[in-house]
Amino acid sequence: MDELTPLSNRTLDQLSARVRTPSYDRAALTLGIVHIGLGNFHRAHQAWYMHRLFEAGKNHDWAIIGAGVRPGDAVQRDKLLAQDCLTTLIELDPSGKSAEITGAMIDFLPVEETNTALIRQMSDPAIRIVSLTVTEGGYFIDPATGGFDTEHPDIQHDAAHLHAPRTAFGAIIAALRDRRSNGQPAFTCLSCDNLQGNGSILRQTVVSLARLSDPDLAQWIETNSAFPNSMVDCIVPATGPNEISLVRGFGVKDVSPVTHENFRQWVLEDNFCAGRPDLDEVGATFTDDVHAYELMKLRILNGGHQMIAGAGELLDVSTIAETMAHPSIRATLRKVIIDEVAPHVAAVPGYTPLEYLDLIERRFANPEIADTTRRVAFDGSSRHPGFIIPSIRDGLAAGTPVSGLALISAIWARYCQGEREAGSKIEPNDPHWQLLHDAAKSAKTTPQSWLDMTQFYGDLGAETRFAKAFSEWLEHLYSHGVEATLQSYLSTT
């Protein structure tokens, strides 16, 4: 292999001709966006769209500055600053891999306990959008009610320490307060997380937190800021040794490369209070009906991920692509979605629910995507309430089947018991792992104890049709195993 070229502005012209590099002058870019949560997904998705705009010679006043509010974000900051905030994206197309360097992000703010630098940057009127990828579990939602969790210690802290907040939302409020005091306009707050009505949820979090300490400011934010709903979609694995090896194969020394599938989608509500980039010119969709797109994606793609990841983990199937090569897991995914999810999902321009399912199956089966079942199974305490339980409620309300969805819940409970069928240990894989693990152990003999976790299931434990099916499937999993249980489900009509 040729000697590796360290990634930086200075070395872009030294990279292999196989690697596409930015054609625009990064030094001429000016800031327009603060993005909080610089993980792989943002760099493969939102930052890529901005990169494409810059490549087209447009919107060079909308560059991104990265930010983080967790101590671990400082490690990412160091990695990216060392390579001038450039990222190597490797597209994992089954027909062949390709690599490009993206440069839409031009700086990364210091990560501080008080978030002082972040607040100062968001207070600058040049910043017109503050976007976030803080995970679907990061919005301080009470899972049982969908309301704002005012009792969380971080929320209590931010309400009492307006000038030194811990959370991204507290920092947003502090910056908006400064802008109001200085007679400057508000900015748009744009959630890019997998939540139905993510803009509405972000509005609830920001306004509710502001109201705890300054009701007048809360009203000003609600009136003057904007919180567009959006739907984001691209499968982006975590970076590990395999990804590092891939980028080295292109001759690039990138300490934080990103791999992604050959598919992206971004659907946004055209509701911005301080202008916006021309994202529709590079493939994004602006619509008044984001809900239909996000419902299809959250219920079928994100829900589908949860349907296959738990079973895959229990059966020692390590990647999502491998679950799609497992006949029983793939057939279960298809049956549950066709019988119990798709009836409650409307068509969108370009796709019926079943056409979208066909697309999702092809994407999940991409053998180039080394997306692990463990990564996808992570944080089930947020993902099941967000992606699975709403379909259960729809089925109960409409009188349609929920047995397959009950099986998926039972598999989750069996997974949280902490041991695969072959006997290997499942390491903690959820922010609430101890709670889930204790409930799962109890549910082995008393299945109802799993559904008694009302913070996740609400009142579903009292729904006899669902609770009975759940109990029967969980008992079947323990007495007959995962494969036999999937086969039993597939034999039902």
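Above this text is the structure in question.
In this report, we go over the structure that sits alongside the text. (Residues numbered from 1 in each chain as written. Predicted model: local features only at pLDDT ≥ 70, side-chain atom pairs only at ≥ 80, totals over all residues. Heavy atoms only, no water.)

1. A short note on the packing of helix α15 (residues 380-398) against helix α16 (residues 403-416)
Point 1. Packing of α15 against α16 leaves a shortest axis separation of 10 Å and a crossing angle of 165°. One element, α15, and the other, α16, form an angle in the roughly antiparallel class. The two elements α15 and α16 meet at a crossing, and its hand is left-handed. Contacts from G380, S381, H384, I388, S391 and I392 in α15 reach L405, I408, S409 and W412 in α16.
Point 2. Classifying every residue of the contact of α15 with α16 gives five nonpolar, five polar and no charged. (Axes fitted to C-alpha atoms, helices over the stretch in contact; angles between N-to-C directions. Helix = DSSP H or I, 4+ residues; strand = E, 2+ residues; numbered from the N terminus. Parallel < 35°, antiparallel > 145°, perpendicular 65-115°, else oblique. Left-handed = near helix turned anticlockwise from the far one by under 90°. Contact = heavy atoms within 4.5 Å. Nonpolar A, V, L, I, M, F, W, Y, C, P; charged D, E, K, R; others polar.)

2. Examining unusual backbone geometry
Point 1. The backbone of N59 shows a phi angle near 55°, a positive value even though the residue is not glycine.
Point 2. Structurally, N59 is set in the loop between α2 (46-55) and β4 (63-67).
Point 3. Backbone geometry at D316 places phi at a positive 60°, although glycine is not the residue there.
Point 4. Residue classification places D316 among the partly exposed positions, given a relative accessible area of 44%. (Buried < 20%, exposed > 50% of the residue type's maximum accessible area, 1.4 Å probe, protein only.)

3. Quick notes on the environment of I33
Point 1. Within the secondary structure layout, I33 lies in strand β3 (residues 31-36).
Point 2. In this structure, the C-alpha to C-alpha distance between I33 and W62, residues 29 residues apart in sequence, is 6.0 Å.
Point 3. Among all residues touching I33, those that are not within four sequence positions of it are M50, W62, A63, I64, I65, I127, I129 and S131.

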